[in-house]
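So the chains spell out like this:
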Amino acid sequence: MAARPLASLASGPLKGRVRVPGDKSISHRALMFGAISTGTTRLRGLLEAEDVLNTAKVLSALGAPVTKAGGEWHVKGRGVGGLSQPDSPLDFGNSGTGTRLMLGIIAGHDMTVEIIGDASLSRRPMGRVLGPLQQMGLEIEGARDRLPLVARGSSNLIPITYELPVPSAQVKSAVLLAGLHAPGETSVIEKEATRDHTERMLRHFGAELSVDTLDGKTKITVKGDAELKGCDVVIPGDPSSAAFLAAAAALVPGSDVTIEGVLINPTRVGFYEVLREMGADVSFLNERDEGGEPVADIRVQQAPLKGVHVAAHRAPSMIDEYPVLSVVAAFAQGETRMDGLAELKVKESDRLAATVAGLIANGVDAASEGDVLIVRGSGAVRGGGLVETHLDHRMAMSFLTMGLASKEPVTVDDVAMVATSFPEFLSLMQSLGARFGMGAEARG
Ligand code: S3P
């Protein structure tokens, strides 16, 4: 597919009320949990972006048809252990979440499947899920920890207790999903809280799951040989997508934007808390509960910002938001230091390196040292640079956000990947007053 460069241009005040599409993490899980439940699961607000649609195709290929009916999506569940051998390789496209969580489900089935993905996904480490899943009984052909992989599951999995070596909700979820298919109890211990959508939603589907805290660690246990029942799920707006709109509103002078119906689960809102600490005017309005998750309308008004220290323990609650937070930090007065970012190196791209390169290309004083990212803001950004996105949707959206408030346009080398998580990004931004075009760099 040919790359589609695009520039963002200095824009007038951004104003209005918008809704962002459904949360990506919850959308993947709702489809998957529906597929391993009995009966039909009905989903409202599903994210219709490439990553999630790939998961839907994979589940259909495994014998659990996913269909759209009016504004809802329906999953015809096959029950725990009830999926069937697919005829062709399972293609997860760009999605680490889809791949890693589905490996946990495939582990519990007597089937051999080939798993493939795009160039970005094929570079990402799978050993972090394969390790515990192999302890449980999954077999992998060859000593591979990258896609393409051939995985052989088993209906005789062994339950384990697994302490996460890296704070990863994907690894936690993969082990818990495999645990549903094993006899007895499977536990995951985490030192740092990662997003807890799997725990919340498994309970909603009727799984027996307990969460205990001990010596500052959390132990999550699922009961195996589980029976899940299909149900209705309402998927709230994605705070990681809303972060780009919130950042733009915080930066573009005179802006006042409200994003309706956004998930404000405490394991996901680190970015908004830091934005407030930087001096941004951020309010959570009309807080409510939707489908077992807390939701609010998020209002952001532009205000002068200052640099802050973002401690390492906050990383899991905002792991996908560091590129756009770094963009915000470039417009603040003073230094923003972000600690504990090792996980950023293994996302859809090496986001630590790509963020620093993108900032420097636009005249920002930025550097990384080990797993620390430092941005020295001077209150304004020159812009004018061409940013390499490395097949990474969040790099594209972060730097397009930058160009709305910088002096010169900011060009990204390819905007096509935005469809991975947020196909409506450009049109929603434009509806608020954002301007995009072809930058000089892209034309040249
Ligand atoms: C996700 C977890 C995070 C996040 C990803 C979605 C999930 O990854 O970066 O976009 O849905 O569980 P890790 O859990 O590997 O940090």
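Residues numbered from 1 in each chain as written. Predicted model: local features only at pLDDT ≥ 70, side-chain atom pairs only at ≥ 80, totals over all residues. Heavy atoms only, no water.

Right, let's talk about helix 1 (residues 24-35) for a bit. In this model helix 1 runs 17 Å from its N-terminal to its C-terminal C-alpha over 12 residues, within 8% of the 16 Å that 1.5 Å per residue would give. With 12 of its 12 residues buried, helix 1 lies for the most part within the structure. The complete set of buried residues in helix 1 reads Lys24, Ser25, Ile26, Ser27, His28, Arg29, Ala30, Leu31, Met32, Phe33, Gly34 and Ala35. (Helix = DSSP H or I, 4+ residues; strand = E, 2+ residues; numbered from the N terminus. Expected span 1.5 Å × (residues − 1). Buried < 20%, exposed > 50% of the residue type's maximum accessible area, 1.4 Å probe, protein only.)

Moving on to the nonpolar core. Across soluble globular proteins, nonpolar side chains show a tendency to be buried alongside one another. Membership of the largest hydrophobic core comes to 77 residues, with the highest contact counts inside it found for Phe271, Tyr272, Tyr322 and Met402. For this core, the element with the most residues is helix 8 (residues 239-251), which contributes 10 residues. Setting aside residues no more than four positions away along its own chain, Phe271 makes contact with Ala243, Ala246, Ala247, Ser317, Met318, Glu321, Val324 and Leu325. Met102, Leu138, Tyr162 and Val188 belong to the second-largest nonpolar core, a separate cluster that totals 69 residues. (Core = buried A, V, L, I, M, F, W, Y, C linked by side-chain atoms within 4.5 Å. Contact = heavy atoms within 4.5 Å.)

So, about the sheet that holds strand 6 (residues 90-91). Spatially, 4 strands are ordered 6-7-9-8 in an open sheet, and the strand pairing comes out mixed. Only two strands of the sheet have a single partner each, and these edge strands are strand 6 and strand 8 (139-140). Two elements, strand 7 (residues 112-116) and strand 9 (residues 149-152), share 4 bridges in a ladder whose sense is antiparallel. Residue pairing for strand 9: Ile115 is matched across the bridge by Leu149. In this fold helix 3 (residues 96-106) packs onto strand 6, strand 7 and strand 9, with an angle of close to 175° to the strand it touches most, strand 7. (Pairing = 2+ DSSP bridges. Axes fitted to C-alpha atoms, helices over the stretch in contact; angles between N-to-C directions.)

Domain annotation of the protein chain identifies domain 1 (6-22 + 236-443) and domain 2 (24-234). One C-alpha centre belongs to domain 1, the other to domain 2; they are set 29 Å apart. Here domain 1 packs against domain 2, burying approximately 2400 Å² in sum over the two surfaces, 49% of which is carbon and sulfur. Taken together, the links from domain 1 to domain 2 amount to 4 salt bridges. (Domains from an automatic or database assignment. Buried area = accessible area lost by both parts, 1.4 Å probe. Salt bridge = Lys/Arg side-chain N within 4 Å of Asp/Glu carboxyl O.)

The next subject is the site of the ligand. If you check the shell around the ligand, you find Lys24, Ser25, Arg29, Thr97, Pro167, Ser168, Ala169, Gln170, Arg195, Ile319, Asp320 and Lys347 and nothing else. The contact in question runs from an oxygen atom of the ligand to an N or O atom on the backbone of Gln170, over 3.0 Å. At a separation of 2.7 Å, an oxygen atom of the ligand approaches a polar side-chain atom of Lys347. A total of 380 Å² of accessible area belongs to the ligand in isolation, and the protein chains cover 95% of it. Contributing elements (two or more residues each) for the shell around the ligand: helix 1 and helix 6 (169-181). In terms of residue count, helix 1 provides more of the shell around the ligand than any other element does, 3 residues in total. A per-class count over the shell around the ligand returns 3 nonpolar, 4 polar and 5 charged. Structurally, the shell around the ligand is a two-domain feature, drawing no fewer than three residues from each of domain 1 (6-22 + 236-443) and domain 2 (24-234). (Near = heavy atom within 4 Å. Polar contact = N/O pair within 3.5 Å; in protein donor to acceptor, adjacent residues only side chain to side chain. Areas by Shrake-Rupley, 256 points an atom, 1.4 Å probe, with all protein chains shown as cover. Nonpolar A, V, L, I, M, F, W, Y, C, P; charged D, E, K, R; others polar.)

A few words on the packing of helix 11 (residues 351-361) against helix 12 (residues 393-403). At a closest axis distance of 11 Å, the pairing of helix 11 and helix 12 adopts a crossing angle of 25°. Between helix 11 and helix 12, the crossing angle belongs to the class labelled roughly parallel. Where helix 11 crosses over helix 12, the two elements pack in a sense that is right-handed. Residues Arg351, Ala354, Thr355, Gly358 and Leu359 of helix 11 lie in contact with helix 12, whose contacting residues are His393, Arg394, Met395, Phe399 and Met402. For the contact of helix 11 with helix 12, the residue count by class is 5 nonpolar, 3 polar and 2 charged. (Parallel < 35°, antiparallel > 145°, perpendicular 65-115°, else oblique. Left-handed = near helix turned anticlockwise from the far one by under 90°.)

So, about the packing of aromatic side chains. Applying the stated criterion across every chain, the model contains 6 aromatic pairs. Between the aromatic rings of Phe271 and Tyr272, the centroid separation amounts to 5.2 Å while the plane-to-plane angle is 80°, which identifies the pairing as edge-to-face. Comparing Phe271 with Tyr272, the two get one shared label, buried. Here Tyr272 and Phe284 contribute two aromatic rings whose centre-to-centre distance is 6.1 Å and whose plane-to-plane angle is 65°, an arrangement assigned as edge-to-face. (Phe/Tyr/Trp six-rings, centres within 6.5 Å; stacked < 30°, edge-to-face > 60°.)

A word on the environment of Leu164. With respect to the helices and strands, the residue Leu164 is situated in the loop between strand 10 (161-163) and helix 6. In this structure Leu164 comes out as buried when scored by relative accessible area, which is 4%. Separated by 110 residues in the primary sequence, Leu164 and Val274 have C-alpha atoms spaced 26 Å apart. When sequence neighbours within four positions are dropped, the list of residues in contact with Leu164 reads Val171, Lys172, Val188, Ile189, Glu190 and Lys191.

Residue position: Ala143 is located in the loop between strand 8 and strand 9. For Ala143, a relative accessible area of 88% corresponds to the exposed category. Linking Ala143 and Val387, residues 244 residues apart in sequence, is a C-alpha distance of 36 Å.

For the protein chain, per-residue confidence averages 97 on the pLDDT scale, and 98% of positions sit at 70 or higher. When pLDDT is averaged over each helix and strand of the protein chain, the minimum, 47, is found for helix 14 (residues 440-443) and the maximum, 99, for helix 10 (residues 322-331). (pLDDT = per-residue confidence, 0-100.)

So, about the pairing of strand 13 (residues 217-223). The side chains of a regular strand alternate between the sheet's two faces. Here strand 11 (residues 185-190) runs beside strand 13; their pairing, made up of 6 bridges, is antiparallel. Along strand 13, the bridge assignment pairs Glu185 with Lys223. Two strands pair when backbone bridges link them, and strand 12 (residues 209-214) and strand 13 are joined in this way by 6 bridges, in the antiparallel orientation. For Asp212, the partnering residue across the bridge sits in strand 13 and is Lys219. From the end of strand 12 to the start of strand 13, which pair antiparallel, there are 2 residues, and Asp215 there has a positive phi angle of about 50°.

Glancing now at helix 10. With 10 of 10 residues buried, helix 10 lies mostly within the body of the structure. Every buried residue of helix 10 is accounted for by Tyr322, Pro323, Val324, Leu325, Ser326, Val327, Val328, Ala329, Ala330 and Phe331.

For Asn265, the position within the fold is in the loop between strand 15 (256-263) and helix 9 (270-277). Separated by 2.8 Å, the side chains of Asn265 and Asp196 make a polar contact. At a separation of 2.9 Å, a polar atom in the side chain of Asn265 contacts the side chain of Glu293.

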